[in-house]
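# Per-entry structural report
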Amino acid sequence: MPIFVVNGRPVNPIVSLLASAAVIAFMIALGIFLLPLIGGLFLFGLFVLIGLALYGAYWRWRHGDPVENLRKQMEQAEAAMSGQAQADPVREGSGASRNPNVQAVGIRRTVVVEDAEVVEEIDRQRKD
């Protein structure tokens, strides 16, 4: 026999208490049964992190300090740019003497291969 009437429906507090206890017990059991899966995922993530750390240590041992390498590359690029800026007027004068009517626009590269022809390549910028 119901003790309470809620919104026109009879409600037995013992049944609602047992239903709440069953839902709570199910959630606790689900958590207990999922602990091995959660632990396995945690261990897998831990192994991945350890692997990345070991690979990073190997890469640094093999290739050196990446910040120092970047600094050296920047210094080499600056030296090449300053050397290229001084050598450009000389190259322009020699390239323009071939055909004075045609002026190339773009990046000029001269590739010299041993026992082969000298090839000049001009990369033109696209008009898109």
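Described below are features of the structure shown in this document.

What counts and what doesn't
Residues numbered from 1 in each chain as written. Predicted model: local features only at pLDDT ≥ 70, side-chain atom pairs only at ≥ 80, totals over all residues. Heavy atoms only, no water. Helix = DSSP H or I, 4+ residues; strand = E, 2+ residues; numbered from the N terminus. Contact = heavy atoms within 4.5 Å. Areas by Shrake-Rupley, 256 points an atom, 1.4 Å probe, with all protein chains shown as cover. Phe/Tyr/Trp six-rings, centres within 6.5 Å; stacked < 30°, edge-to-face > 60°. Buried < 20%, exposed > 50% of the residue type's maximum accessible area, 1.4 Å probe, protein only. Patch = residues over 30% accessible without salt bridge, like charges linked within 9 Å, V, L, I, M, F, W, Y side chains within 5 Å. Salt bridge = Lys/Arg side-chain N within 4 Å of Asp/Glu carboxyl O. Polar contact = N/O pair within 3.5 Å; in protein donor to acceptor, adjacent residues only side chain to side chain. Expected span 1.5 Å × (residues − 1). Bend = angle between axes of the 7 residues up to and from the residue.

What the protein chain contains, in helices and strands, is two helices and four strands. If you list the helices and strands of the protein chain from N to C, you get β-β-α-α-β-β. Considering only contacts in the protein chain between residues 6 or more positions apart, those separated by 24 or more positions represent 0%. Carbon together with sulfur atoms contributes 65% to the accessible area of the protein chain, which is approximately 12000 Å² in total.

A few words on the packing of aromatic side chains. The relation between two aromatic rings is expressed through the spacing of the ring centres and the mutual angle of the planes. Within this structure, the stated rule accounts for two aromatic pairs. Consider the rings of Y55 and Y58, whose centres lie 6.4 Å apart with planes at 40°: the pair is tilted. Taken together, the residues span about one helical turn, with Y55 and Y58 both in helix α1 (residues 13–63) at a distance of three residues. The class of Y55 is exposed, set by a relative accessible area of 52%.

A grouping of V23, F26, M27, L30, L34, L35, L37, I38 and L41 is seen on the molecular surface, where their side chains present a nonpolar patch of about 900 Å² in accessible area. With respect to the element layout, L37 can be found in helix α1.

Note that side chains of opposite charge can pair when their charged atoms are close. In total, this model carries two salt bridges according to the counting rule given. In this structure, D65 engages R60 in a salt bridge whose closest nitrogen and oxygen atoms are separated by 3.2 Å. Residue R60 is classed as partly exposed on the basis of its relative accessible area of 46%. Residue R71 is joined to E68 by a salt bridge in which the shortest nitrogen-to-oxygen separation is 3.1 Å.

Turning our attention to the environment of D65. On the secondary structure map, D65 appears in the loop between α1 and α2 (66–96). Classification of D65 by relative accessible area gives partly exposed; the value is 30%. A polar side-chain atom of D65 sits 3.2 Å from a polar atom in the side chain of R60.

So, on to the environment of I3. Among the secondary structure elements, I3 is positioned in the segment before β1 (4–6). Judged by relative accessible area, I3 falls into the exposed class, the value being 58%.

On to α1. For α1, spanning 51 residues, the distance from its first C-alpha to its last is 71 Å, which sits close to the expected 75 Å at 1.5 Å a residue. At L34, α1 shows its strongest bend, of approximately 45°, with the proline P36 following within four residues. One or two steps after α1, the chain reaches G64, where phi turns positive at roughly 90°.

Read these as geometric descriptors, not functional statements.
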